[in-house]
Amino acid sequence: MNKEKPTLKTLLETSQGRKVLFLGREGIFTAKEAERFLKKYDVAMTSNYEEGVVAVVEHHALNPVEEDISCMAYDDGVPLFKLPEFEKLLSEGINDDELLMGVKLGNDQERIFRLLGNTHISNALFIKLLGLYEWHEEDEDNTQDRDVVMYTLRRYIEIKPNEEDLLYSSLTLKRLAREATDPKLLKVLIGFPNITFLQKGKQKITLRESIATNPHVDQEVIERLMSLRDPGVDMYLAANTSTPLHVLQKYALKDDEEINQSLASNPNIDETLFRSLLEKSESVTQLMLWYQPVSMQRYEQLLGTVKDEALFAYLGENKTIDAGVLEKLVETSNQALLVNLAGNESLDGALLERIFGRAVPQTYPSLAINPSTPVAVLEKLYRDQQQQKDILIGLSYNTSTPVEILKALYEREEFEITRGIASNASVPLEILNVLKIDTRLRNELTANERFVASITQKLGLR
């Protein structure tokens, strides 16, 4: 009967005065570091298969001679352990403060680099080591720098086995900058090379600007970002809902157009900033109409300040309007405002029904596409507006449109309507599966949650 193999820790604890044979190359730790660790157990390390060897620790890649020694030890019943198992045990015994003191005193960059590749150390230690790493700014394609970025991404971004290529994409670093929840990590990321990313619409954003958009920035991160004196970073910080009011007030003093636009889109500005921003440019006012929570007090200010009806109409797209204000707005004589309100998903069914009851034909396409519109209104629009193509197109996109109407719209075989059907997650799968053969509808189908979920299920990816 085979004797059960002990754990490496148990074996070391019961092998005082004995030896451990190491085969193959060093890994995360040097031979000296391994030797220091074993000394705590009064166990020596050796590179020879000799008397007193109680265990073998081997690298995954061995040369032929080392392979022969490994086989010999196995035949002799000596327990074999893979190097990562030893590295994990050593890592568990690390004293973070002692290690950090050592690498700081010697500025041992090679050791810092090796430790960053150690998946067994804590996130707290990893972040502190990452903050000590010196980037090779003069070398645009430094191998070590690339490895450090990948170590960081592997640790904080969940990567599936079939998504390894994401580690090589700079966009994954941008994703980390936006999604990280640990302010200490965000602060360290500021020290990374300030890569520029291309966004949709061919707009560019830097790594530091991406960090400035993250809602988990704390006071330390904000102060560090502000110290950069980077206009782009300041612009994104001014729009960040986590930026404290006193910082927003400081930004307002700059009286810069881009900063003012960012402040106008930040729902956390106070009444003083709200009043002062209303005196700025038309583009700033437009952003305020879109994004600022509108109480009755603010509504009165807007009425007294914004005299252009076309500009005021943007208020109808705002999703944070008090109920009392909405009651007034649905009775407006501003037709453009009423059209925008009709398409606003934040309005409840009763208000949208009131808009429909005003019998303003210009609002019908917006009501038709709005998923908050009551089903009874959608059904009436379909019955009464058979010749109005823009209304039928709106209904085809609306996930609240009854299935029977969606089927009837599909039967019309009009391409603009069919595009809406292909994008609509309420459409039955049998119809979506027919549409998939039309390559013109690829974008709509890949955005359709029901269709994507069915494909994912078929491929066994869920």
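Above this text is the structure in question.
Reading the values: the criteria
Each chain has its residues counted from 1, running along the sequence as written. Confidence filtering applies because this is a predicted model: local features only for residues at pLDDT of at least 70, side-chain atom pairs given and counted only at 80 or more, and all residues used for totals across whole chains, interfaces and linings. Only hydrogens and water are set aside; all other atoms, that is, all heavy atoms of the structure, feed into the side-chain values. Paired rings are identified among Phe, Tyr and Trp, the last through its six-membered ring, by centres lying within 6.5 Å, and are further divided according to the angle between planes into stacked (under 30 degrees), edge-to-face (over 60) and tilted (the rest). By definition, any uninterrupted DSSP run of H or I lasting at least four residues is a helix, any uninterrupted run of E lasting at least two residues is a strand, and each is numbered from the N terminus. Relative accessible area decides the class of each residue, using a 1.4 Å probe on protein chains only: under 20% of the type maximum gives buried, over 50% gives exposed, and in between gives partly exposed. Both a distance and an angle decide whether a charge sits over a ring: NZ of Lys or CZ of Arg must be within 6 Å of the ring centre and within 35 degrees of the ring normal. Working definition of a nonpolar core: buried Ala, Val, Leu, Ile, Met, Phe, Trp, Tyr and Cys residues. They are joined through side-chain atoms within 4.5 Å. Under this definition, polar contacts are N or O atom pairs within 3.5 Å; protein pairs additionally need one hydrogen-donor-capable and one acceptor-capable atom, and for neighbouring residues in sequence, both atoms have to be side-chain atoms. Look down the strands so they point away from you; if going from the first strand over the helix to the second traces a clockwise path, that crossover is right-handed. Two strands are said to pair when DSSP picks up at least two bridges between them. Patches here: salt-bridge-free residues with over 30% relative accessible area, like charges joined within 9 Å, nonpolar side chains (Val, Leu, Ile, Met, Phe, Trp, Tyr) joined within 5 Å. Using the Shrake-Rupley algorithm and a 1.4 Å probe, accessible areas are obtained, with residue cover drawn only from the displayed protein chains. One side-chain nitrogen of Lys or Arg within 4 Å of one carboxyl oxygen of Asp or Glu is enough to make a salt bridge. Residues scored as charged are limited to Lys and Arg (positive) and Asp and Glu (negative), so that His and the chain ends carry no count. To locate a charge, the coordinates of NZ of Lys, CZ of Arg, CG of Asp or CD of Glu are taken. Note on definitions: angles span 0 to 180 degrees between N-to-C directions of axes, and those axes are lines fitted to C-alpha atoms, for helices only across the stretch in contact.

K.L.:
Help me understand the packing of aromatic side chains in this model?
P.N.:
In this description, an aromatic ring pair is defined by two values, namely the gap between the centres and the angle between the planes. Across all of its chains, the model carries 10 aromatic pairs by this definition. Pairing F37 with F86 gives two aromatic rings, centres 5.6 Å apart and planes at 80 degrees, and the pair type is edge-to-face. You can see F37 sitting in helix α2 (residues 31-39) and its partner F86 sitting in helix α4 (residues 83-92), a full 49 residues away along the chain. You can call F37 buried: its relative accessible area is 6%. The rings of F22, F37, Y41 and F86 are connected pair by pair, giving a single aromatic cluster. Over the face of the ring belonging to F81 we find K5, whose NZ or CZ atom lies 4.3 Å from the ring centre.

K.L.:
Explain the environment of K39 here, please?
P.N.:
By the secondary structure assignment, K39 is in helix α2. Sequence separation between K39 and V427 is 388 residues, and the spatial gap between their C-alpha atoms is 69 Å.

K.L.:
What should I look at first to understand the nonpolar core in this one?
P.N.:
The tendency in soluble globular proteins is for nonpolar side chains to be buried as a group. F86, L129 and L315 are the most contacted members of the largest nonpolar core, which totals 128 residues. The leading source of residues in this core is helix α7 (residues 123-132), at 5 residues. Membership of the second largest hydrophobic core comes to 8 residues, among which are V53, V56, I69 and A73.

K.L.:
Honestly, the side chain of T401 in this entry has me stumped. Any pointers?
P.N.:
Here T401 lies in the loop between α25 (389-397) and α26 (403-411). Classification of T401 as buried rests on a relative accessible area of 2%. Here L395 takes part through its backbone oxygen, which lies 2.8 Å from a polar atom of the side chain of T401.

K.L.:
I would appreciate a short explanation of the pairing of strand β1 (residues 19-23) in the present structure.
P.N.:
Two faces, one strand: in a regular strand the side chains alternate between the faces of the sheet. Of all the 5 residues making up β1, 4 are buried; the element is thus mostly covered by neighbouring parts of the structure. Each parallel crossover has a hand, and the one from β1 via α2 to strand β2 (residues 44-46) is right-handed. Here β1 pairs with strand β3 (residues 53-58) via 5 bridges, running parallel. Paired with F22 across the bridge in β3 is V57.

K.L.:
What exactly am I supposed to notice about the pairing of β3 here?
P.N.:
In terms of residue burial, β3 counts as a mostly covered element, since 6 of its 6 residues are buried. For the segment spanning β3, helix α3 (residues 64-75) and strand β4 (residues 80-82), crossover handedness is right-handed.

K.L.:
Please clarify how a negative patch on the surface should be interpreted in this entry.
P.N.:
Residues E137, E138, D139 and E140 make up a contiguous surface patch of negative charge. Here D139 shows up in the loop between α7 and α8 (143-156).

K.L.:
Help me understand the pattern of salt bridges in this model?
P.N.:
Close approach of charged atoms allows side chains with opposite charge to pair. Applying the stated criterion across every chain, the model contains 20 salt bridges. Among the salt bridges present, the one from R111 reaches E33, with a minimum N-O distance of 2.6 Å. One end of the pair, R111, is in helix α6 (residues 109-116); the other, E33, is in helix α2, and 78 residues separate them in sequence. The two residues R111 and E33 agree in class, both being buried. One network of salt bridges, in which partners are shared, links K389, R412, E414 and E416.

K.L.:
Can you walk me through the sheet that holds β4 in this structure?
P.N.:
Two modes of strand pairing occur in sheets, parallel and antiparallel, and in both the strands are linked by backbone hydrogen bonds. The 4 strands lie next to each other as β2-β1-β3-β4, forming an open sheet whose pairing is parallel. The outermost strands of the open sheet, each flanked by one partner alone, are β2 and β4. Within the sheet, the average angular offset between the axes of one strand and its neighbour, ignoring direction, is 30 degrees. Relative to β2, β1 runs parallel, the two being bridged by 3 bridges. Bridge pairing in β2 links L21 to T46.

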